[in-house]
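Descriptive analysis of the structure
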Amino acid sequence: MSYKDKASKISQKYTDVTTSLSCVKTISFDDNWKGKAKESLIPALKKAIEELEKVGNSIETFVSALQELDKYKTKKESIVSLKKQYNSISSTKENVKKKNSLATQINNLISDNRTLRKSIESKLSTITPVTTIVESMPMSNFIYETGNGNFVVDVKVLLAKFQNGSLKKLADGDSLYNYFTEEEVNQLMNSIKSEYQGRYLAVNSALGIVDMAASKNLKLDYDWGGGHSTITSIGHVATGTDCSAFVSWAINQGAPGDFTTRTTAGLINVGKTINYEEAREGDILVYNNGENGHVVMVVENNPDNKTFVVVEANGQKQGVILKTRKYSDLRSSNYKAKDLSELYNESENQIV
């Protein structure tokens, strides 16, 4: 059954309720109750009617959100279909117009769905008396798609959680799987993979898993050497990775081929060295002096105020965090900005 059909059934039930409610409102309680009954029961009954009316308003809002969710679902299916067509066409001069036309269609649909998401989320946020109804609906496909531009989360909101110190690092030996099932974690990652690719898939994978932990007021754990035994898996990220393994895992999500886990000594030789001003989301900032090293992934670059927003596994005390880093501090620590466009197999026709 489509969300539109669910909305229709809910609307019919709401009509039945409002009809009954209109009959109830014609009752003159003052004429039927006397004494203590009037003093205690009448106010309670009137309050109950007011609450029923509030629920009715929330149901109407919920129905509208479901109708928009049906449109969102249809457009998302079209995006998936068009992306398959786009990827099946070879990048030759003869196919440039065809690929550009498909890219335009896909980007327009993505833009439409971002608008729909904001509208749906806005409506759901106003519903308080019927939260149990909202929670019972299978909406996991868009819960984490609270997009802001090319991001799967609102970066400013997530950054504020780290800045105000409200997040607690997972204890040693603890895991994200103590708070979410493996199915829920995989569902999040699959949802992100269905909409993003390349560098945007890499950075949004990192943001998505960090935001998932933050939704429980937690930060992912840091584990020196964690995740280096193989290509870093989501299981390693859930239980603890070091800086290079975390970045390697994120890159591996967006790179078309398997990107094996690297140490900072390996990552410093990946990609093309560029100026800080040129770094984009999904690129990395890395230093290694042969004995020590660190690497972070760029989430946002703000050349005007010469700062980056980065996501990184930042040591045993901090865990995996989102933070702002100044160009000047990075330069003094000999960080190199590395462009990973070639690794993400980007081209001029790439869909963003």
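Data block above holds the structure.
None of the values given here were measured: they were computed from a predicted structure. (Residues numbered from 1 in each chain as written. Predicted model: local features only at pLDDT ≥ 70, side-chain atom pairs only at ≥ 80, totals over all residues. Heavy atoms only, no water.)

**Quick notes on the side chain of D70**
As a reminder, the rule being used: Note on conventions: DSSP H or I runs of at least 4 residues are helices, E runs of at least 2 residues are strands, and numbering of each starts at the N terminus. Each residue's exposure class comes from its accessible area (1.4 Å probe, protein chains only) as a fraction of the maximum for that residue type: buried when under 20%, exposed when over 50%, partly exposed otherwise. Here Asp and Glu are counted as negative and Lys and Arg as positive; His is not counted, and neither are the chain ends. Each salt bridge in this description consists of a side-chain nitrogen of Lys or Arg and a carboxyl oxygen of Asp or Glu lying within 4 Å of one another. The contact criterion used throughout is that any non-hydrogen atoms of two residues lie within 4.5 Å.
Turning to its location among the elements, D70 is positioned in helix α3 (residues 35-88). No salt bridge is formed by the buried D70; its nearest oppositely charged neighbour, K73, is found at 5.7 Å. Beyond its immediate sequence surroundings of up to four residues, D70 is in contact with S2, Y3 and K4.

**Concerning the sheet that holds strand β6 (residues 307-313)**
The condition is simple: At least two DSSP bridges between two strands are required for those strands to pair. Axis geometry follows a simple rule: fit a line to the C-alpha atoms, using only the stretch in contact for helices, then measure angles between N-to-C directions, giving values from 0 to 180 degrees.
Ordered in space as β3-β8-β4-β5-β6-β7, the 6 strands form an open sheet in which the pairing is antiparallel. Whereas interior strands pair on both sides, the edge strands pair on one side only; in this sheet they are β3 (272-274) and β7 (320-326). Adjacent strand axes in the sheet meet at a mean angle of 40°, parallel and antiparallel pairs treated alike. Across the face of the sheet, helix α7 (residues 155-163) comes into contact with β5 (293-302), β6 and β7 while running at roughly 100° to β7. Here helix α11 (residues 243-254) sits on the sheet and contacts β4 (284-288), β5, β6 and β7; the angle it forms with β5, its principal contact strand, is near 50°.

**Regarding the pattern of salt bridges**
Tallying each qualifying case throughout the model produces 9 salt bridges. One salt bridge connects E195 with R117, and the closest N-O pair in it is separated by 3.5 Å. Placement of the pair is E195 in helix α8 (residues 182-195) and R117 in helix α4 (residues 96-125), with a sequence separation of 78 residues. By relative accessible area, which is 8% here, E195 ends up buried.

**A closer look at the packing of α8 against helix α9 (residues 198-214)**
This is how the line gets drawn: Should an angle lie under 35 degrees it is considered roughly parallel, over 145 roughly antiparallel, and from 65 to 115 roughly perpendicular; all remaining angles are considered oblique. Handedness of a helix crossing follows the sense of rotation of the near helix relative to the far helix, less than a right angle counterclockwise being left-handed and clockwise being right-handed. Gly is put with the polar residues, along with every residue not named as nonpolar or charged; the nonpolar set is Ala, Val, Leu, Ile, Met, Phe, Trp, Tyr, Cys and Pro, and the charged set is Asp, Glu, Lys and Arg.
Between α8 and α9, whose axes approach to 10 Å, the crossing angle comes to 150°. Here α8 is positioned roughly antiparallel relative to α9, judged by the angle of their axes. Crossing of α8 over α9 shows right-handed handedness. Counting all contacts with α8, which are made through E184, V185, L188, M189, I192 and K193, the residues of α9 involved are L201, N204, S205, G208, I209 and M212. When grouped by side-chain class, the residues that make up the contact of α8 with α9 number 7 nonpolar, 3 polar and 2 charged.

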